[in-house]
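Here is what each chain is made of, one letter per residue.
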Amino acid sequence: AQGGIALKDNSTTQPVYLLADGNDFKVQTNTAEVMRIHSEGYTELKSSDAYNQLVLTPSGTNAPASINFNTPGTGRAKIKVQDAEFISILSTGNVGIGTNSPTAKLSVDQPSTTAISTTGSAAAGQIFTNEDFEFAFGLSNASPYPLYIQGRTSNPGISTHRNITLNPIGGN
């Protein structure tokens with residue numbers, strides 16, 4: 001059974017409805033549901049705006065927008081897309097991409113990443129892309145399985161070598 005309250009002020013022609021929907025509570029504008037608080041305790045926000053799903057606007061001039069993951073027990077927060085976990089944040093401050101148990105301030109784990117190397121086809125441990133340039137390092141597929149570091153242009157089908165400069169603290 002549904003029961004509810006309609007809220008309306010003089011500046012709008014459309015009321016906002018607060019409705020009980022079974023064991024859930026929902027907020028609805030005209031006919032579109034925009035928020036639901038589920039009986040299990042989680043909140044679902046709905047938006048037809050593809051670019052502004054969640055906007056945090058602090059009220060103070062110098063106040064930062066923040067999200068506080070208050071996770072008792074595990075002390076771990078996760079960011080999921082289509083129910084698959086991609087980013088994990090531990091209470092220690094360690095952040096994992098591709099791992100839910102990061103062991104460093106930033107742990108990136110993608111063991112099956114493959115890419116065309118500048119010397120042929122190789123399995124790369126990690127590839128970092130900035131504009132049209134890549135920095136790749138990993139383990140070669142071929143015996144004796146050497147480690148490699150490559151700088152290259154990331155245009156598909158074109159593999160151009162780029163110099164890698166090692167710059168000690170203080171520069172040269």
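Residues numbered from 1 in each chain as written. Predicted model: local features only at pLDDT ≥ 70, side-chain atom pairs only at ≥ 80, totals over all residues. Heavy atoms only, no water.

Trainee: So what's going on with the pattern of salt bridges? Residues and values would help.
Mentor: With the rule as written, the count across this model stands at eight salt bridges. Here Arg 36 ties to Asp 21 by a salt bridge, and the two come within 2.8 Å at their closest N and O atoms. Residue Arg 36 is located in strand β4 (residues 32–37), and its partner Asp 21 is located in strand β2 (residues 16–21); the two are separated by 15 residues in the primary sequence. Exposure remark for Asp 21: the relative accessible area of 23% places this residue in the partly exposed category. As a salt-bridge pair, Lys 26 and Glu 33 come within 4.0 Å of each other at their nearest N and O atoms. For the pair Lys 26 and Glu 33, one class covers both residues: buried. (Salt bridge = Lys/Arg side-chain N within 4 Å of Asp/Glu carboxyl O. Helix = DSSP H or I, 4+ residues; strand = E, 2+ residues; numbered from the N terminus. Buried < 20%, exposed > 50% of the residue type's maximum accessible area, 1.4 Å probe, protein only.)

Trainee: Which residues make up the pairing of β2, and what values go with them?
Mentor: Alignment of β2 against strand β3 (residues 24–29), held across six bridges, turns out to be antiparallel. Looking at the pairing, Ala 20 lines up with Phe 25 of β3. (Pairing = 2+ DSSP bridges.)

Trainee: Which residues make up the side chain of Asp 24, and what values go with them?
Mentor: Looking at the element boundaries, Asp 24 is found in strand β3. A distance of 3.4 Å separates polar atoms of two side chains, one belonging to Asp 24 and the other to His 38. In terms of polar contacts, Asp 24 uses its side chain to reach the backbone amide nitrogen of Ser 39, at 2.9 Å. Filtering out sequence-adjacent residues up to four positions away, Asp 24 remains in contact with Leu 19, Arg 36, Ile 37, His 38 and Ser 39. (Polar contact = N/O pair within 3.5 Å; in protein donor to acceptor, adjacent residues only side chain to side chain. Contact = heavy atoms within 4.5 Å.)

Trainee: How would you explain unusual backbone geometry if you had to name every residue and give the values?
Mentor: One non-glycine residue, Gln 82, lies in positive phi territory at about 50 degrees. Secondary-structure assignment places Gln 82 in the loop between β6 (76–81) and β7 (84–90). One non-glycine residue, Asp 83, adopts positive backbone phi at about 70 degrees. With respect to the helices and strands, Asp 83 occurs in the loop between β6 and β7. Note on Asp 83: relative accessible area 62%, which makes it exposed.

Trainee: An account of the sheet that holds strand β9 (residues 106–108) is requested, with residue identities and associated values reported.
Mentor: Overall, mixed pairing links the four strands, which are arranged β6-β7-β8-β9 in an open sheet. Two strands in the sheet have a free side with no partner beyond their single neighbour: β6 and β9. On average, each strand axis in the sheet is inclined to that of its neighbour by 20 degrees, with strand direction left out of account. Sheet topology note: the β6/β7 ladder contains six bridges and is antiparallel. Residue Ile 79 lies in a different strand from β7, and its bridge partner there is Ile 87. (Axes fitted to C-alpha atoms, helices over the stretch in contact; angles between N-to-C directions.)

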